[in-house]
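Chains, contacts and geometry: an overview
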Amino acid sequence: MSNNKPKAKTFEFLSLFIMVIGAVIGSGIYMKNNELLQLTHNPIIAIISWLIVGMVCIMIVYVFIEISSATTHIGNGTVPTWTKMFINRKTASWFSIVYTVLYYPICQSLFAGALVAYFFKSINQPLSANNQLIILLVCGIVFILIFNLLNMLKPQIGRQFQIVATVFKFIPLVIALFAGFFLIGSDSSINTGGFEGNTWSTSDFAPENFIRGFGPVLFAFDGFIYMANLQKRAKFKDVVPKSLLFGLVFVTIFYVLMAISLFMGSPDGSIVQLLTKLFAISGSENANTIANIVSNIILMFICLFGINIFSMVAINGLESDVDAKLIYTNNKHVSFVKAGIVHSIFTIFFFTFIVLMGALVPRENWMGISTNYENWLSSHQQSGVEEYLRFTTNHILAFVNTISTAISTFGFLMIGIVLIASIFNRKSNKVEVVKMKGFIPVAIIASILLIFFVICGIVTFVLPNNNEKWIDSEGFLFTIICFCLFIFVFSLFLIQEHFFKKNGLDGGFEGFISSNQRKEMDYVKE
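Residues numbered from 1 in each chain as written. Predicted model: local features only at pLDDT ≥ 70, side-chain atom pairs only at ≥ 80, totals over all residues. Heavy atoms only, no water.

The chain has the name APC family permease in an unreviewed UniProt entry, where Williamsoniiplasma luminosum is given as its organism.

What follows is the structure, encoded as C-alpha cells:
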C-alpha cells in the first residue's frame, strides 16, 4: 500500500495540473491577442502584458489556496460563496447577481456572436449588414438555447463535450505555436507597422499603451480561481498547491510563447491570419480559400466550446448560490432546469440588446444596417469581401467584445475585494483557513496590482482614441451601456433585499443548504 502512495500522489498531481491548464487555456488567446495588439499599438508591450498579468495570477492563485480552504468541508468554491464567508451576505448577494445577470450571460453572448461571425467569414459572401444582423440574432439565440437545454437536461453530456473541447482546442494552438517561429518574415506583425487599417510600432512605448493591455489579458486568464477549490475533492491535499502553481506557471509561459509566435508569424497577431499564411505555403491557387475556411471552422468549434462552458458554469453557479442563501427563491430549491431557464432569459435579452446596439448605432465610419458591400467598396476600393466581412462583424459585435472584456475585468475586481478581505481575516480569524507561508506579502502585492489592472482595463474602454471627442466615441457609448446595465442589476439587488427583509429565509442566512434540506424543500408547499 505504501509503495502505491507515491504513484497515486504523482497521478493526482498530473491530473490536477492538466485540469488547471485545460480550464485556463482556451478562447482568450484565440480571440484576444489581436485585440490586445490594437489596444497597445506595440507587439512588445502586448507580450509584456501577457507576462506581467500571468505573474500576478500566479500570486493570486497562491492566495486563493488559503481562501478556498474555507470551503473544503462546507459550501461551494465560488466567488460569491467566499465573499459571504470573508465579508458579508449582502455583498455576496450583490456579487452573485452580477455573475448571474451580467457576467455569465454576456460571456456566453460573446461566443454566440463570434460563432456566427466566423461562419460569415468562412462562406466569404458579401451579405449586407441588415442580413448579417438577422442571421446573427437568430442563429446566436438558437445555439444559446441548444447548449443551455443540454446542460439543463443532460449535464453529463455537456461535461463530456467539454472534455473533448479541452483536447481539440490544443491542436491548433500547438500547430500555431511552432508555425509562427518558422513563418517569420517581412509581413509579420513584429516587422510591419500595421494591417488593414490598424497601426502599431515596436518603438512606441507610450505609458498609455501599457495601460490599455490589461483588460484582454485578464479575460484570457479568467477561470483559474475556481481551480483553487480542487482541494475539496483531492485525496492528497498537499499536491493541490503544487499543481495549481505549476499549472499557472505553465499557462503563463505558454501564453507568452504563443504571443511571441503569433507576432512573429501572423500579419495581425491572430491565429486566423497565421493559419492562412501557413496554408498558403503550398502555393496552390486555392490555398487562401482553404485556409480561410479551415481556420474559421476551427474557431467556430472553439466558440461552441465557449458557449457550452459558460452554460455549465452559469447553471451550476446559480444553484450553488441559492444553496449559499444568496439568491431569493422564496425558500424553494432551484433545480438545474430552473437555473437554466433563468440563465437563458438573461443571456438572450443581453445578447439581443448589445448586438442591436452595435448594429444600429451609427459611429465613426459605420453607417449601421444600411451598410452593404457596394456602398462600402466606394470608400475601400482596394479591399475585398474578406475585409468587408471583417469590417461589418467587428462593428456589429463591437459592444459585445468590449463589454465582455469589461465584465471579465469587473469579475477580477470582485476577486480583488475577496483578496483584501482575506488579508484582514488573518487578524480577525473570522473564517477558519489553512494558513499558507508568506501569505500576507503575496496577498498585498497581488491585491494592489490586480486593482491597478482592473482600473486600467476599465479606463481603456471609457477613454476615446487619439484626438476623438469623448461624446462622439465608442467609449462614451460603452460608458452609457455599462451604466444602464449596472443600474438594472442594482435595481434587482434592491428588489431582492426587499423580499429577503419582507419574507425572511428559513433557518436564517448563516451556513449553507445541505442536500437533505434540498429534498425537504422540494416537498414543502406554500
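Notes on the overall build of the chain
From N to C terminus, the chain includes 20 helices and two strands. Residues counted as buried form 55% of the 526 residues belonging to the chain. Considering only contacts within the chain whose residues lie at least 6 apart along the sequence, 83% involve residues at least 24 apart. Accessible surface, the chain: about 23000 Å² in total, of which carbon and sulfur atoms supply 67%. (Helix = DSSP H or I, 4+ residues; strand = E, 2+ residues; numbered from the N terminus. Buried < 20%, exposed > 50% of the residue type's maximum accessible area, 1.4 Å probe, protein only. Contact = heavy atoms within 4.5 Å. Areas by Shrake-Rupley, 256 points an atom, 1.4 Å probe, with all protein chains shown as cover.)

Details of a nonpolar patch on the surface
A contiguous nonpolar surface patch, about 670 Å² in accessible area, is contributed by Val174, Phe178, Phe181, Phe182, Val249, Ile253 and Leu257. With four residues, helix 8 (residues 170-182) is the largest single contributor of residues to the nonpolar patch. Its place among the elements puts phenylalanine 178 in helix 8. (Patch = residues over 30% accessible without salt bridge, like charges linked within 9 Å, V, L, I, M, F, W, Y side chains within 5 Å. Salt bridge = Lys/Arg side-chain N within 4 Å of Asp/Glu carboxyl O.)

Focus: the packing of aromatic side chains
The final tally for this structure, using the stated rule, is 26 aromatic pairs. Seen in terms of ring centroids, phenylalanine 350 and phenylalanine 488 are 6.0 Å apart; in terms of plane orientation they differ by 75 degrees. Their pairing is edge-to-face. Placement of the pair is phenylalanine 350 in helix 14 (residues 336-360) and phenylalanine 488 in helix 19 (residues 474-503), with a sequence separation of 138 residues. Judged by its relative accessible area of 1%, phenylalanine 350 falls in the buried class. Consider the rings of phenylalanine 452 and phenylalanine 453, whose centres lie 6.2 Å apart with planes at 55 degrees: the pair is tilted. Taking relative accessible area as the criterion, phenylalanine 453 reaches 2% and is therefore assigned buried. Among the aromatic residues, those joined into a ring-pair cluster are Tyr99, Tyr103, Tyr104, Phe111 and Phe310. (Phe/Tyr/Trp six-rings, centres within 6.5 Å; stacked < 30°, edge-to-face > 60°.)

Structural notes on the nonpolar core
Counting 151 residues, the largest nonpolar core has Trp50, Phe86, Phe221, Tyr255, Val355 and Ile403 as its most contacted members. Residue contributions to this core peak at 20 residues, all from helix 5 (residues 89-123). The contact partners of valine 355, leaving out residues within four places of it in the chain, are Leu133, Leu136, Leu137, Ile396, Leu397 and Val400. (Core = buried A, V, L, I, M, F, W, Y, C linked by side-chain atoms within 4.5 Å.)

Regarding unusual backbone geometry
Of note, the phi angle at lysine 325 is positive, near 65 degrees, even though the residue is not glycine. Along the chain, lysine 325 turns up in the loop between helix 13 (287-323) and helix 14. A relative accessible area of 8% places lysine 325 in the buried class. For asparagine 429, which is not glycine, the phi dihedral falls at a positive 55 degrees. Within the fold, asparagine 429 resides in the loop between helix 17 (398-428) and helix 18 (439-462).

Some details on the side chain of threonine 252
Examined against the element boundaries, threonine 252 turns out to sit in helix 11 (residues 239-265). Apart from residues no more than four positions distant in its own chain, threonine 252 is found in contact with Trp50, Leu51, Gly54, Met55, Ile58 and Phe221.

Considering the pattern of salt bridges
Scanning the model with the defined rule gives three salt bridges in all. The closest approach of N and O atoms between arginine 390 and glutamate 386, which form a salt bridge, is 3.2 Å. Taken together, the residues span about one helical turn, with arginine 390 and glutamate 386 both in helix 16 (residues 385-396) at a distance of four residues. Relative accessible area serves as the criterion here: at 29%, glutamate 386 is assigned to the partly exposed category.

Comments concerning helix 11
Counting along an α-helix, one turn takes 3.6 residues, and residues three or four places apart therefore face a common direction. In this model, helix 11 (27 residues) spans 38 Å end to end at C-alpha, consistent with the 39 Å of a helix rising 1.5 Å per residue. Burial analysis of helix 11 places 19 of its 27 residues in the buried class, which makes it a mostly covered element. (Expected span 1.5 Å × (residues − 1).)

Comments concerning the packing of helix 8 against helix 12 (residues 271-279)
What describes two packed helices is the angle between their axes and the distance between those same axes. Running from N to C, helix 8 and helix 12 cross one another at 70 degrees; their axes reach a closest spacing of 10 Å. Relative to helix 12, helix 8 is oriented roughly perpendicular. When the axes of helix 8 and helix 12 are compared, the crossing they make is left-handed. Residues Leu173, Ile175, Ala176, Ala179 and Gly180 of helix 8 form the contact with helix 12, whose own contacting residues are Ile271, Leu274 and Leu278. In terms of residue class, the contact of helix 8 with helix 12 is made up of seven nonpolar, one polar and no charged. (Axes fitted to C-alpha atoms, helices over the stretch in contact; angles between N-to-C directions. Parallel < 35°, antiparallel > 145°, perpendicular 65-115°, else oblique. Left-handed = near helix turned anticlockwise from the far one by under 90°. Nonpolar A, V, L, I, M, F, W, Y, C, P; charged D, E, K, R; others polar.)

Here we look at the packing of helix 10 (residues 214-221) against helix 17
Where helix 10 meets helix 17, the axes come as close as 8 Å, and the angle between the chain directions of the two elements is 70 degrees. Considered as vectors, helix 10 and helix 17 are oriented roughly perpendicular to each other. Residue-level contacts link Gly215, Pro216, Leu218, Phe219 and Phe221 of helix 10 to Ser404, Thr405, Ser408, Thr409 and Phe412 of helix 17. When the residues that make up the contact of helix 10 with helix 17 are grouped by side-chain class, the tally is five nonpolar, five polar and no charged.

Quick notes on the environment of leucine 492
For leucine 492, the position within the fold is in helix 19. Distance from leucine 492 to tryptophan 94, taken between C-alpha atoms, is 9.2 Å for residues 398 residues apart in sequence. With near-sequence residues (within four places) excluded, leucine 492 lies in contact with Ile97, Val101 and Phe346.

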